[in-house]
Every structure is written in C-alpha cells, then in structure tokens.
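Each chain, letter by letter, is given below.
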Amino acid sequence: DAGITQSPRHKVTETGTPVTLRCHQTENHRYMYWYRQDPGHGLRLIHYSYGVKDTDKGEVSDGYSVSRSKTEDFLLTLESATSSQTSVYFCAISPSGGTDTQYFGPGTRLTVL
Amino acid sequence: KQEVTQIPAALSVPEGENLVLNCSFTDSAIYNLQWFRQDPGKGLTSLLLIQSSQREQTSGRLNASLDKSSGRSTLYIAASQPGDSATYLCAVEIDAGNNRKLIWGLGTSLAVNP
C-alpha cells in the first residue's frame, strides 16, 4: 500500500470554527489531491497540488483553502466550517497528473454541528 | 459535461458466481478509465486502469473492458468470493484545461454471500 496517512481520522466541530486536515505521504509523489465523498454525489475534487507551493482549485473549492510547503504534506483548511461541509474527506497522491492511477488515504470523517 | 453512471447500484450474489458490473460515460473524449474498490470506512484501492487506446485489462480474477465509442466499460469478476464484497467505483480521466481530472460514478455495492 502507498504510504499515505490522514489526520485526524475523525473530527466533530462546531459551525464557524476553523478546521485543518492533514495529508502526509512517504512516496515522494508530485501530485496530491483532496476529495470529499457524500451520498448521492460520489467523489468530488476540492483542490489539488502539482508541486510544492503549486495548487489549483477543483470543482467544489468554495470554503476551502490548501497549502503545500513540503512535498510530503498537503493541508486542507476550512476557514469557517459549515454544516454543509460535513463529509468524508480523502487525500490521494499520484506520481504524475495523468496516465498513473491515484492512491488514496484512509479518509477523515468530519462532522460540523 | 461528462457524466459517469454505474448500474446496478447494488448487487447481491451467492459465492462462486461470475458477475459483471457496468459503467457508462457520456463523452468518449477520455484519457483512461479506472476501476476502484472501496471497503466500508476505508479509502479507495485502484484495481485496473485502461488507457483510452486499450480494450481491456486483467488482474487475477478481474477483467475490465472498455468500449470508448459506445461509452461503456464492464468489470468482470470471476468465481466471486465473500472477500470481494465492497463498493466498486468507476472513474474516467478527462482534460481539465491545464491538468486532468477524474469524473466518478456513484459505485456499485456488491455483497457476495457464503
């Protein structure tokens, strides 16, 4: 299995509080992704990174920001959490942006009350 | 707009049966199609990746086919086992301007009964 960890694995927070999720990889892959998975919507891309300090928006980026200061770490921040951001968040990594598959972390279940 | 549909949404079969999961997509302009497996409470595991120029890929008891012109892919599982119980997700990789992105189906939830 690809070396990807996510922390925390579970979090309950209140509306309006900031939340940061961490993805850590030991594979030295260039690309990192943040997805959310919700019933009836499948997986949706939030943000991705194609190198240190190089990030771009996905299809559901509103309310989220990311940072990548090191190859191995990709942080997802909810500046002011809302109940609509209750979801399961997955991090994925890939050696390249295409032709290679993506390797997924175990997920973080976030509940915003 | 690319859309990916998986049918059926759920499937229950007895152990040992051969089965087929279906995936369809609306736009044939894809780079590849991928099949993933997701176990409850866990992340996704890549099973097979078929490049747009390929017709099929095989891994053990799994065989995936791709018909780009008709917008269809099938995942064939031979001699199913209880350990195959999971949700199977299909995704197509498409052009997204200066990068590529995956468009996902909602998955087929498979239960293989002993």
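What counts as what
- Residues numbered from 1 in each chain as written.
- Chains lettered and ligands numbered in written order.
- Predicted model: local features only at pLDDT ≥ 70, side-chain atom pairs only at ≥ 80, totals over all residues.
- Heavy atoms only, no water.
- Disulfide = S-S within 2.5 Å.
- Helix = DSSP H or I, 4+ residues; strand = E, 2+ residues; numbered from the N terminus.
- Buried < 20%, exposed > 50% of the residue type's maximum accessible area, 1.4 Å probe, protein only.
- Pairing = 2+ DSSP bridges.
- Axes fitted to C-alpha atoms, helices over the stretch in contact; angles between N-to-C directions.

Asks: Whenever I open this one, the state of the cysteines confuses me. Can you help?
Replies: Every disulfide links exactly two cysteines, by a covalent bond between their sulfur atoms. This structure, assessed with the given rule, holds two disulfides over all chains. For Cys23 of chain A, the disulfide goes to Cys91 of chain A, at an S-S distance of 1.9 Å. Between Cys23 of chain A and Cys91 of chain A the sulfur-sulfur dihedral comes to about -70°; the bridge is accordingly left-handed. Residue Cys23 of chain A is found in strand E3 (residues 19–25), and its partner Cys91 of chain A is found in strand E9 (residues 87–94); the two are separated by 68 residues along the sequence. For the pair formed by Cys23 of chain A and Cys91 of chain A, the shared burial category is buried. Covalently, Cys23 of chain B is tied to Cys90 of chain B through a disulfide, its sulfur atoms 1.9 Å apart.

Asks: Where do I start with the sheet that holds strand E1 (residues 4–7) of chain B in this structure?
Replies: Strand pairing within a sheet occurs via backbone hydrogen bonds; the two strands may be parallel or antiparallel. Residues and elements named next belong to chain B. Spatial strand order, E1-E3-E8-E7-E6: five strands in an open sheet with antiparallel pairing. This sheet does not close on itself; its edge strands, each paired only once, are E1 and strand E6 (56–59). Ignoring strand direction, the axes of neighbouring strands in this sheet form an average angle of 15°. As paired strands, strand E3 (residues 19–25) and strand E8 (residues 72–77) are joined by six bridges and run antiparallel to one another. Within E8, the position partnered with Val20 by the bridge is Tyr76.

Asks: Sorry if this is basic, but what is going on with unusual backbone geometry here?
Replies: Excluding glycine, most residues fall at negative phi; most peptide bonds, likewise, are trans. Each neighbour pair has its own omega, and for Ser7 of chain A with Pro8 of chain A the value is -5°, a cis peptide bond. Inspection of the secondary structure puts Pro8 of chain A in the loop between strand E1 (4–7) and strand E2 (10–13). Cis geometry is adopted by the peptide bond preceding Pro8 of chain B, which originates at Ile7 of chain B and carries an omega value of 0°. As for its placement among the helices and strands, Pro8 of chain B is situated in the loop between E1 and strand E2 (10–14). Even without glycine at this site, Asn28 of chain A takes up a positive phi of about 60°. Inspection of the secondary structure assignment puts Asn28 of chain A in the loop between E3 and strand E4 (31–38). By relative accessible area, Asn28 of chain A is classed as exposed at 61%. Phi at Lys53 of chain A is positive, roughly 65°, even though this residue is not glycine. Checked against the element boundaries, Lys53 of chain A lands in the loop between strand E5 (42–51) and strand E6 (54–57).

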